[in-house]
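Remarks on the overall topology
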Amino acid sequence: MNFFNKPLIFIAVFALSFFILNESFSYYFGLEKAKTEFYEKDRLILTNLIAAQSKNIETLAEVLASDERVKQGYIQNDPEIIKKHVFPIWNRIKDKKITYEIHFFKPPAISFVNFSNFKSIGNDVSSVRTDILWITSSFKSSSHALMCKTYAGYRATHPIIDDNGTMLGGLSLGKKIDWIPEAIKERTTHDSFLIYTKESTNSLMKKYYEHFIKDKEVVGDYILADKTIPVAAEDIKGIDYTKNIQDIVIADKSYTLYSYPIIDFNKETMGYVFTLTQLEEFKERFSANLIKNFIIIVLTALLIFLITRRSTITLLKQIHFIKEITKEIKKRNFKPLHKLSFNSKTVAVPLIDLEKDILEMGLELEKQYTILEDDNREKTQQLIKQLYTDEVTGLANRNALFKDLEKNKDAFVAIFNIRSFKEINDAFGFEAGNHILKEVAKRLVPHTKQKEFNTYRVGSDEFVIINNIEDISKIAFKEFIIDMIDKVEHTFFDFENEDINISVNIYAGICLDKNKRLEKADMALTQAKKDRKDYVIYSEKENTQDMHINNIQIINKITKALQNDNIIVYYQAIIDKNGDITKYEALVRMRDENTVLSPFYFLDISKRTKHYTAISKVVIEKTFQKCQECSKAFSINLTADDILNEGTVVLIKNKMLTLQDPTKVVFELVESDDLYNLPEIKNFIIDIKKMGAKIAIDDFGTGYSNFSYMMKIQPDYLKIDGSLIKNINSDKNAYKIVKTIVSFSKELNIKTIAEFVHSKEIYEVCKAIGIDEFQGYYFSEPKSEL
């Protein structure tokens, strides 16, 4: 009995001592391991969250950067093409918070189209957008965090390269990172907060910095931002930013704090994501294991004589098993986890819990991966659908058309344009316009489907039809298009609950060639509009392409004229009733070698490029110089675009200050819808009148003219449009209109000027009506010298 008791007591004491020592070490190392496991788990979830969001904007960036319409916007140096094409996509993804920014750049880092701020076009952001400099020089895309001048976020940047490998520019899509703490809390139940380094905000402009920190708190060199738990400034002052894991006290509660740095494009630390846990799960598991392990150690001590060898072998097997299954989890191979089973008779009890813990962690990670993959897949499918579908009509859109034309190399193309669609929108509203678009689609689709043709909406008022079948003849395609025009034009479009019906007319451009089909159909459509025909078929013989070639040649001539001071000013005299010259109107001309071109040849096309503003400034400079040299007054034409250009307005005001007699200057405002409705133009008129200048409304009597608008501006002169003056001696309606304008103007003490006075007979009629001043070839043609 004593022989038995002594070893038993020895084993019991040894086992108890070992148990206490083991559990103490287990608690310490288990706690550290639990901290590490939770750190890695949170890090993995954070990494996947960011990766999923980044993948969304990377996918969209890649699609937009390869979009042919976007490339055309760069090639034609026309941001309006990109605005018009991308704006519907921008509205949808912005509302769904998929991205915060779509920003197109020209090399090296010049803002081209910024859907967050269209006024930033032309701004050089190279000082804060090193990522754009990098992609436009390296021809490589990038996904990264960055704090630029407006906000902190993750960005996907992508080069835009034409088919010849030439760099056109760069595209940046951005998504703010303020959503991360809430997303972490949702997926891990761990509270989280976000801290930025104050140094990272140095790139923010002052106004953006003030906006950025208004809902945040500056604590020393750091900025406390979004959070899911009340964190005070005092709580974070003791954080050691060099440690990934540390202890912290918040609101008198102890937490383990995990730190995840956010590294930006420049390899600098932009901020940190912190997560908090009190390790309740570990402590509860440890307490339960402590009781179980006590029982196990007692039983083990009693049976140690019998099972030492067997237990040791089993233990080694289980350690190997745990090592192998951990490797599979790291490789994201979760299939083995679903095949596991545990036999408590052959496996050491403590390892069962460890294996179960690893299994639970692996299954949870698999669940998180699956959720992220499904979410990413669904959003990608939605983006693809949005990319190829017109939102208003439900038809395929321009992107789908490009894709189908690439597949179907032999398809014929027809473009339909609704005549005067803008006027329908203006008269009845956008809902009516959208109703018309839907109804046109309904009339086209049944017939195109029957023929196995495809129908697309590719612009605000444009539809495209292409054939899918290869054995259709050119004649049959043409006859089908003519029939479609007839079906649309010979029906009325009714409106629910409204006693209104509208009929529409169609222009069509048809291309029956096999190359550059869309471009040629568009040329034919332009010709149809110009000739006011129902349709035009593109023909090489008619050389429709000459129009585009001619436009390019004119742009080149404008560029050279600006470089060589060949933008010149002619002056045409304005006469009073006594035949005396009262003032001169400044008229722009362009010298082309030995020829002087009128603005008819170059001014409209200059408005589609950056040259228009430069031309306006040359005319203003030269006219003010002439005004200083001459005692007569001068009038200068201004459009709404001129007045909305800050540089042009500053130049005008500076020049006004140089004149001894500023009352010698008259600004003729060219009529447009903007002229009467924009506050910037109203303010300009007020300011310029205070400086002494006079205001005239040009071409009054047509277009947007009406007396209520005129009274808003209170001009000094009305220049009556030449279309009313040139036949006033024989056109009774013109005579009545002019007489009414003159009578009304006299009541308001506004002087009138007749344009296009080309004969003595016209001059005498105008004088008899009571017009104050006269201008036209009857008195003098425009001249370069006074």
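Conventions used here
Residues numbered from 1 in each chain as written. Predicted model: local features only at pLDDT ≥ 70, side-chain atom pairs only at ≥ 80, totals over all residues. Heavy atoms only, no water. Helix = DSSP H or I, 4+ residues; strand = E, 2+ residues; numbered from the N terminus. Buried < 20%, exposed > 50% of the residue type's maximum accessible area, 1.4 Å probe, protein only. Contact = heavy atoms within 4.5 Å. Expected span 1.5 Å × (residues − 1). Arc of directions from axis to C-beta. Salt bridge = Lys/Arg side-chain N within 4 Å of Asp/Glu carboxyl O. Core = buried A, V, L, I, M, F, W, Y, C linked by side-chain atoms within 4.5 Å. Axes fitted to C-alpha atoms, helices over the stretch in contact; angles between N-to-C directions. Left-handed = near helix turned anticlockwise from the far one by under 90°. Nonpolar A, V, L, I, M, F, W, Y, C, P; charged D, E, K, R; others polar. Pairing = 2+ DSSP bridges. pLDDT = per-residue confidence, 0-100.

Before going further, it helps to examine the environment of glycine 174. Mapped onto the secondary structure, glycine 174 falls in strand E5 (residues 167-176). Given a relative accessible area of 0%, glycine 174 falls into the buried group. Residues glycine 174 and alanine 145, 29 residues apart in the sequence, show an inter-C-alpha distance of 9.0 Å. Filtering out sequence-adjacent residues up to four positions away, glycine 174 remains in contact with Thr99, Tyr100, Glu101, Tyr151, Tyr154 and Arg155.

Between its first and last C-alpha, helix H21 (residues 679-690) extends 17 Å over 12 residues, near the 16 Å set by a 1.5 Å rise per residue. Along H21, the positions that sit buried rather than exposed are Ile681, Phe684, Ile685 and Ile688. Seen end-on, H21 carries its buried residues on one side only, within an arc spanning 100 degrees. Pointing more than 90 degrees away from the buried face of H21 are the exposed residues Lys682 and Lys690. Phi turns positive, to about 110 degrees, at glycine 692, one or two residues after H21.

Let's shift gears to the pattern of salt bridges. Inspection of every chain in the model, using the stated rule, returns 30 salt bridges. For arginine 457, the salt bridge identified is with aspartate 390, shortest N-O distance 2.9 Å. Residue arginine 457 is located in strand E13 (residues 453-457), and its partner aspartate 390 is located in the loop between helix H9 (349-388) and helix H10 (398-407); the two are separated by 67 residues in the primary sequence. Side by side, arginine 457 and aspartate 390 carry an identical accessibility label, which is buried. Between glutamate 439 and arginine 443 there is a salt bridge, with the nearest N and O atoms lying 2.9 Å from each other.

Before going further, it helps to examine the nonpolar core. Grouped together as the largest cluster of nonpolar side chains are 63 residues, with contacts concentrated most on Met656, Phe667, Ile725, Val738 and Ile771. Here isoleucine 725 is in contact with Ile720, Val738, Ala754, Glu755, Phe756, Val757, Ile762, Cys766 and Ile771, once residues within four sequence places are set aside.

Take the packing of helix H12 (residues 430-450) against helix H13 (residues 474-489) next. At a minimum axis distance of 10 Å, the contact between H12 and H13 shows a crossing angle of 145 degrees. Crossing handedness for the pair H12 and H13: right-handed. Mapping the contact onto sequence places Val440, Leu444, His447 and Thr448 in H12 and Phe480, Met484, Lys487 and Val488 in H13. Considered class by class, the residues forming the contact of H12 with H13 number 5 nonpolar, 2 polar and 1 charged.

The subject of this paragraph is the sheet that holds strand E2 (residues 110-114). Pairing is antiparallel in the open sheet, where 5 strands are placed in the order E2-E1-E5-E4-E3. Edge positions in the sheet fall to E2 and strand E3 (142-147), since each of these pairs with one other strand and no more. Here the strands of the sheet are splayed against their neighbours by 30 degrees on average, with no regard to which way each runs. In the sheet, strand E1 (residues 101-106) pairs with E2 via 4 bridges, with the strands oriented antiparallel.

What follows concerns the environment of asparagine 578. Among the secondary structure elements, asparagine 578 is positioned in the loop between strand E19 (567-576) and strand E20 (581-592). Overall, the relative accessible area of 65% leaves asparagine 578 in the exposed class. On a C-alpha basis, the gap between asparagine 578 and glutamate 773 in space is 9.4 Å, while along the polypeptide they are 195 residues apart.

Moving on, we get to the sheet that holds strand E18 (residues 535-537). The strand order across the open sheet formed by 5 strands is E13-E14-E12-E17-E18, and the pairing between neighbours is mixed. The open sheet terminates on both sides in strands that have one partner only, identified here as E13 and E18. In this sheet, neighbouring strand axes are inclined to one another by 15 degrees on average, regardless of whether the strands run parallel or antiparallel. The sheet contact formed by strand E12 (residues 413-418) and strand E17 (residues 506-511) spans 6 bridges and is antiparallel. Following the sheet pairing, isoleucine 418 is matched in E17 by isoleucine 506. Along the sheet face, H10 touches E12, E13 and strand E14 (462-467) and points at about 145 degrees away from the line of E13.

So, on to the confidence of the model for the protein. With 88% of its residues at a pLDDT of at least 70, the protein reaches an overall mean of 84. Confidence, read as mean pLDDT per element, is least for helix H20 (residues 673-677) in the protein (61) and greatest for strand E27 (residues 773-774) (97). Scored below 50 in pLDDT, residues 344-348 makes 7 contacts in the model with residues more than four places away or belonging to other chains.

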